[in-house]
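Analysis of the macromolecular model
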Amino acid sequence: MNFAHDGLHDDLTRLAAPPHYYEILRREIALANRNSTEITVIRVILKSKAPLYEATLISFADLITNSFRYEDAKARLGEFEFGVLIRGDEALASELSRRLVARWAIEGTLDSTIAYASVKFSPGEAAISLINRLDDQLLTQSDF
C-alpha cells in the first residue's frame, strides 16, 4: 500500500502529512509555553490480522476527522499510524479516543482493532521528548 504525501496532506486520506503535523506540534508547543495552555498528543494505530485496503484507511481517516473536534490537528503518520493534537488535557483526549474506538467497533471492519495512547505536554518540554514519551506509553499498553 502506498504512503505518499505532498508535505502538507497525505495523498490517500487527505489528513495532515507528517512534516505538516510536526510543524503544527512545534507551533502549539511554543504557544503552550507562552500562554500556559494544555495540549495533549494522541497516537492511534490501526491493527488487523487481515490485509487493510485503501478503502478501510479512507474510512478510518474519515472517522478520525468526525470523532475529534474541527480544531484538533489530525494526521496520518505512517501506513497504519495516525496522530491527533488537541488543546486540552488527558481526560479530554481519553474521552475523544474512546469515542473513536466505540465508533470503529460499529462502523469498522470486523478483523481490525485500534491501539492508542496519549500524553500531556509538560511546560518546557521539547517536541522530541513529548513524542518519545508517547511512543513509550503506546508500547507499554499494546501487544506489539
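Above this text you will find the structure in question.
This text gives an overview of the structure that appears in the document. Just so it is clear, the structure is predicted and the values come from calculations on it, not from any experiment. (Residues numbered from 1 in each chain as written. Predicted model: local features only at pLDDT ≥ 70, side-chain atom pairs only at ≥ 80, totals over all residues. Heavy atoms only, no water.)

Over its 18 residues, helix 1 (residues 18-35) extends 25 Å from the first C-alpha to the last, a length consistent with the 26 Å expected when each residue adds 1.5 Å. Listed as buried for helix 1 are Pro-18, Tyr-21, Ile-24, Leu-25, Glu-28, Ile-29 and Ala-32. On an axial view of helix 1, the arc spanned by its buried residues comes to 140 degrees, and they lie on one face. Contact partners of the buried residues in helix 1: strand 1 (39-48), strand 2 (73-76), strand 3 (81-87) and helix 4 (127-141). (Helix = DSSP H or I, 4+ residues; strand = E, 2+ residues; numbered from the N terminus. Expected span 1.5 Å × (residues − 1). Buried < 20%, exposed > 50% of the residue type's maximum accessible area, 1.4 Å probe, protein only. Arc of directions from axis to C-beta. Contact = heavy atoms within 4.5 Å.)

It is worth spelling out the packing of aromatic side chains at this point. Each aromatic ring pair is characterised by the separation of its centres together with the angle its planes make. The tally for this structure, following the rule as stated, stands at three aromatic pairs. Each ring, one from Phe-60 and one from Phe-82, has its centre 5.1 Å from the other, and the planes form 65 degrees; the classification is edge-to-face. With Phe-60 in helix 2 (residues 54-67) and Phe-82 in strand 3, this residue pair connects regions lying 22 residues apart in the sequence. Per residue, the accessibility class of Phe-60 equals that of Phe-82, and both read buried. Pairing Phe-60 with Trp-104 gives two aromatic rings, centres 5.0 Å apart and planes at 80 degrees, and the pair type is edge-to-face. Taken together, the positions of Phe-60 in helix 2 and Trp-104 in helix 3 (residues 90-107) put the pair 44 residues apart, joining distant regions of the chain. Of the two residues examined, Phe-60 and Trp-104, each falls in the buried class. Taken together, the ring pairs in this structure connect Phe-60, Phe-82 and Trp-104 into an aromatic cluster. (Phe/Tyr/Trp six-rings, centres within 6.5 Å; stacked < 30°, edge-to-face > 60°.)

It is worth spelling out the sheet that holds strand 4 (residues 112-120) at this point. With respect to topology, four strands assemble into an open sheet ordered 2-3-1-4, the strand pairing being antiparallel. Of all the strands in the sheet, the pair left with one neighbour each is strand 2 and strand 4. When strand polarity is set aside, the average angle formed by the axes of neighbouring strands in this sheet is 15 degrees. Pairing analysis gives nine bridges linking strand 1 to strand 4, with the strands arranged antiparallel. Residue Lys-47 lies in a different strand from strand 4, and its bridge partner there is Thr-113. (Pairing = 2+ DSSP bridges. Axes fitted to C-alpha atoms, helices over the stretch in contact; angles between N-to-C directions.)

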